[in-house]
Amino acid sequence: MWIGVVSLFPEMFDAITQQGVVGRAVEKQRIALEFWNPRDYATDRHRSVDDRPYGGGPGMLMKVDTLRAAIFDARQRAEQATGQSPTVIYLSPQGRKLDQQGVQALASAGPLVVVAGRYEGIDERVVESDIDEEWSIGDYVLSGGELPAMVLIDAAARLVPGVLGHQDSAIEDSFNDGLLDCPHYTRPETIDGRQVPDVLLSGNHAAIKRWRLKQSLGRTWQRRPDLLAGRTLDAEQQRLLDEFIEEHAL
Ligand SMILES: CN(C)c1ccccc1CNc1ccc(C(N)=O)cn1
């Protein structure tokens, strides 16, 4: 997977490129990550990358010419590196809410260029002319688009074949198949008198698989019923959920 990043703070991305799942994926060249910094396109003496907003008001916007030049070069490189034209993504509070389905769509959409906004954002005409899709990682305001960009890159990287050690864990990962994750347990068998559910110690893999599905369904029903509203359960799933509800009826 090829991802270009346009950011004034490329060194922030060390947080995902220097270790962990994404770090290994970049090392194994499962993912190519390249950076363009608008500041490198500044021609004035102060190398300015921000500009004043028309109409006044507090704060600045990203300077148009340096930002557009960086996006242009990232687009060109995407085409040269992959033979496909990229989807240019802008992270902002005004974007479409990102969820696992959105991540899956972006991870299979060919090369991406991710634009990280700073200051109060970017000129609307640049959004119209240079941005293909605007996305938000949630309804809150951050100081820059770099953290949202890293969230998107990490989530997408996990879906790239070969990136996760056990590919199946990506499938069974929470929010895969749209349910919340089941509870997990590891040593010691007892913590402050709390024990591991017997089924997980039984070695009965069919029972364990059923128990985990039941827990995922039950927890989704309890914590995020909205996720269940959008899906039909098969007979086995409905039976397991009914069982869970009965056991948890107050
Ligand atoms: C400075 N701001 C407010 C801004 C304004 C416009 C664009 C980008 C930014 C950068 N900040 C962001 C970016 C994304 C998200 C999100 N929810 O995905 C939250 N904050």
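No experiment lies behind these values; they were computed from the predicted model shown. Residue positions within a chain follow its written sequence, with the count starting from 1. Owing to the predicted nature of the model, reporting of local features is limited to residues with pLDDT of at least 70; listing and counting of side-chain atom pairs is limited to 80 or more, with chain, interface and lining totals taken over all residues. In computing side-chain values, all of the structure's heavy atoms are included and hydrogens and water are not.

### Quick look at the UniProt feature "binding site: S-adenosyl-L-methionine" (unreviewed entry) in the protein
At step 1: Mapped onto the present numbering, the UniProt feature "binding site: S-adenosyl-L-methionine" (unreviewed entry) falls on Gly117, Ile137, Gly138, Asp139, Tyr140, Val141 and Leu142. The subset of the named residues that lines the second largest pocket consists of Gly117, Ile137, Gly138, Tyr140, Val141 and Leu142.
At step 2: Under the DSSP-based scheme used, a helix requires at least four consecutive residues in state H or I and a strand at least two consecutive residues in state E, with every element numbered from the N terminus. With respect to the secondary-structure elements, Gly138 resides in the loop between strand S7 (133-136) and helix H6 (146-157).
At step 3: Note on Gly138: relative accessible area 7%, which makes it buried.
At step 4: What makes two residues a contact is simply this: any of their non-hydrogen atoms within 4.5 Å. Once you skip the residues sitting within four places of it in the chain, Leu142 turns out to touch Ile137 and Pro148. UniProt positions are given in the numbering used here, feature names are shortened, and annotations may be inferred rather than shown by experiment. Buriedness for pockets is judged along seven lines, at least five of which must meet protein on both sides within 12 Å for an open set on the 1 Å grid over protein atoms alone, while cavities are sets there where a 1.4 Å probe fits but cannot get out, and lining residues have an atom within 4 Å of a point. The buried label goes to any residue with under 20% of its type's maximum accessible area, the exposed label to any with over 50%, and the partly exposed label to all in between, with areas taken from a 1.4 Å probe on protein chains only.

### Quick word on the environment of Leu200
At step 1: Relative to the helices and strands, Leu200 resides in the loop between strand S9 (194-195) and helix H8 (205-223).
At step 2: Remark: the alpha-carbon pair of Leu200 and Thr186, spanning 14 residues in sequence, is separated by 9.9 Å.

### Details of the sheet that holds strand S5 (residues 87-97)
At step 1: Taken together, the 5 strands give an open sheet; going across it, the order is S2-S1-S6-S5-S7, and neighbouring strands pair in parallel fashion. Whereas interior strands pair on both sides, the edge strands pair on one side only; in this sheet they are strand S2 (32-36) and S7. Looking at each pair of strands side by side, their axes are set apart by 35° on average, direction ignored.
At step 2: With 5 bridges connecting them, strand S1 (residues 2-6) and S2 associate as parallel partners. Across the sheet, Val5 pairs through a bridge with Phe35, a residue of S2.
At step 3: Contacting S1, S2, S5 and strand S6 (112-116), helix H3 (residues 64-82) runs over the sheet at an angle of about 170° to S1.
At step 4: The axes are straight lines fitted to the C-alpha atoms, using for helices just the contacting stretch, and the angles between their N-to-C directions are given from 0 to 180°. Along the sheet, H6 makes contact with S1, S2, S5 and S6, crossing S5 at roughly 115°. Two strands qualify as a pair provided DSSP detects at least 2 bridges between them.

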